[in-house]
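Geometric and topological summary
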There are 2 protein chains.
Amino acid sequence: MKTLLLSFSVLLLSICAHAQTYEGPQEDIDGIIAGSRQFSKYVEAGDKEALAGCYTSDGKIFAGGRPIIEGTSDLAKYWTRDSEVTITYHKITAIEITVIGDLAYDYGLYEGTTRLADGTESNWQGKYVVVWKKVKGKWLMYLDIWNSSPKD
Amino acid sequence: MKTLLLSFSVLLLSICAHAQTYEGPQEDIDGIIAGSRQFSKYVEAGDKEALAGCYTSDGKIFAGGRPIIEGTSDLAKYWTRDSEVTITYHKITAIEITVIGDLAYDYGLYEGTTRLADGTESNWQGKYVVVWKKVKGKWLMYLDIWNSSPKD
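Each value, and the rule that gives it
- Residues numbered from 1 in each chain as written.
- Chains lettered and ligands numbered in written order.
- Predicted model: local features only at pLDDT ≥ 70, side-chain atom pairs only at ≥ 80, totals over all residues.
- Heavy atoms only, no water.
- 1 Å grid on protein atoms, 1.4 Å probe; cavity = no way out; pocket = protein on both sides within 12 Å on 5 of 7 lines; lining within 4 Å.
- Points joined across faces, edges and corners; volume = space filled by probe spheres on them.
- Helix = DSSP H or I, 4+ residues; strand = E, 2+ residues; numbered from the N terminus.
- Nonpolar A, V, L, I, M, F, W, Y, C, P; charged D, E, K, R; others polar.
- Buried < 20%, exposed > 50% of the residue type's maximum accessible area, 1.4 Å probe, protein only.
- Contact = heavy atoms within 4.5 Å.
- Pairing = 2+ DSSP bridges.
- Axes fitted to C-alpha atoms, helices over the stretch in contact; angles between N-to-C directions.
- Least-squares fit on C-alpha atoms with pLDDT ≥ 70 in both.
- Polar contact = N/O pair within 3.5 Å; in protein donor to acceptor, adjacent residues only side chain to side chain.

Things to note about empty space enclosed by the protein
Regions of empty space are outlined by a rolling probe, equal in size to a water molecule, passed over the atoms. All chains considered together, the criterion is met by one cavity of 30 Å³ or more. The space that makes up the largest cavity amounts to roughly 40 Å³. Sorting the residues of the lining of the largest cavity by element identifies strand E5 (103-115) of chain A together with strand E5 (103-115) of chain B as the ones contributing at least two each. Of the residues assigned to the lining of the largest cavity, the class counts are nine nonpolar, no polar and no charged.

Laid out in structure tokens, this is it:
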């Protein structure tokens, strides 16, 4: 019975979790995952310069309701946060990463928590597609597009 | 003076128009542009089966406020339109297309017009990123993500 329950739990877990498909040299996959994790840390720290540095010099973001925003200076401006607002939590989960030479794409899910000055917190989640380029050995985002998802 | 005016007009035109960067074999670029045009025609025709056929069998769309939608049957469901609603106009403008073997990505702008049963029309526009795969010689969308843009 215990084994049956365990098997059932494992089955349930594998249904609930998103299958992850990572294709390409391990060091590139690791570089992209590390880049995403670093990005989340910078979001939590509100470090706009470091966030802009996660993109190629001609990197572009596609934010809802905004034109395409391009280039380090405008990206840093986009990532400048209202001082009253803190993003206390940010996480990216790559569902698929595919590396082809110095180019890669990945897609997945993001989630975060925003805290306002009055202490109110709100959670949000969405999905994204990123096209990456390897520049001088470092994986940087070239195209970064996302939109919201409903709560699970 | 005429020449000056003409030069100025050409300059203005080149500033206003988005520069287009297409990299890869011409037949692949043509295949992707043809795929996008066909897609717009199917949107205008409200042909959900044909729209689902513009994607790979494991194709995914990332629509705002929805989970990732995947696979031909669910894609056709997504593209099923309320019979009261007609999309009378749909256009995709690729700003950049990059082909690497049987894979490509492109990004650009879309615009459209929706007409309701009472004749009311609304225009909308946005930006997108698509990852394409060449399957049996035909370019199909594998990842399709978009969000809205403000009116110019």
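A look at the environment of Lys-48 of chain B
Residues and elements named next belong to chain B. Within the secondary structure layout, Lys-48 lies in helix H3 (residues 48-52). Overall, Lys-48 belongs to the partly exposed group, its relative accessible area being 32%. Linking Lys-48 and Ile-68, residues 20 residues apart in sequence, is a C-alpha distance of 18 Å. Those residues in contact with Lys-48 that sit more than four places away from it in its chain are Ala-76, Trp-79 and Thr-80.

Observations regarding the sheet that holds strand E2 (residues 55-62) of chain B
Strands in a sheet are paired, the pairing made by backbone hydrogen bonds, and the direction either parallel or antiparallel. Residue and element names in this part refer to chain B. In space, the seven strands of this open sheet follow the order E1-E4-E5-E6-E7-E2-E3, with mixed pairing throughout. Sheet topology places strand E1 (21-23) and strand E3 (69-70) at the edges, where each strand pairs with a single neighbour. Here helix H2 (residues 26-45) sits on the sheet in contact with E1, E2, strand E4 (86-100), E5, strand E6 (121-135) and strand E7 (138-148), set at roughly 165 degrees to E4.

What about the relation of the copies chain B and chain A?
Once chain B is rotated about the relating axis by 180 degrees and shifted along it by 0.0 Å, it coincides with chain A to within an RMSD of 0.0 Å. One copy is carried onto the other by what is essentially a two-fold rotation axis. The C-alpha atom lying nearest the rotation axis in chain B is that of Asn-147 of chain B; the distance is 3.3 Å. Residue by residue, 100% of the interface of chain B is reproduced at the interface of chain A, so both copies engage with the same surface.

A closer look at the interface of chain B and chain A
Facing the 28 residues of chain B at the interface are 28 residues of chain A. For the interface between chain B and chain A, the tally reads 12 residue pairs in polar contact (both at pLDDT 80 or more). The element that contributes the greatest number of residues to the side of chain B that touches chain A is E7 of chain B, accounting for six residues.

Describing the sheet that holds E5 of chain A
Residues and elements named next belong to chain A. What the seven strands build is an open sheet, ordered E1-E4-E5-E6-E7-E2-E3; its pairing is mixed. Of all strands in the sheet, those with a lone pairing partner are strand E1 (21-23) and strand E3 (69-70), marking the two edges. Bridge count between strand E2 (residues 55-62) and E3: two bridges; the pairing is antiparallel. Across the sheet, residue Ile-61 finds its bridge partner in E3, namely Ile-69. Contacts between helix H2 (residues 26-45) and the sheet are confined to E1, E2, strand E4 (86-100), E5, strand E6 (121-135) and strand E7 (138-148), with E4 contributing the most and set at about 165 degrees to the helix.

Brief notes about the pairing of E6 of chain A
All names here are of chain A. Taken together, the 13 bridges between E5 and E6 define a ladder with antiparallel strand orientation. Among the inter-strand pairings, Thr-113 is bridged to a residue of E6, identified as Asn-123. Relative to E7, E6 is paired through 10 bridges, and the arrangement is antiparallel. Bridged to Lys-133 within E7 is Leu-140. The antiparallel pairing of E6 with E7 creates a hairpin that spans two residues between the two strands, and Lys-136 there sits at a positive phi of about 50 degrees.

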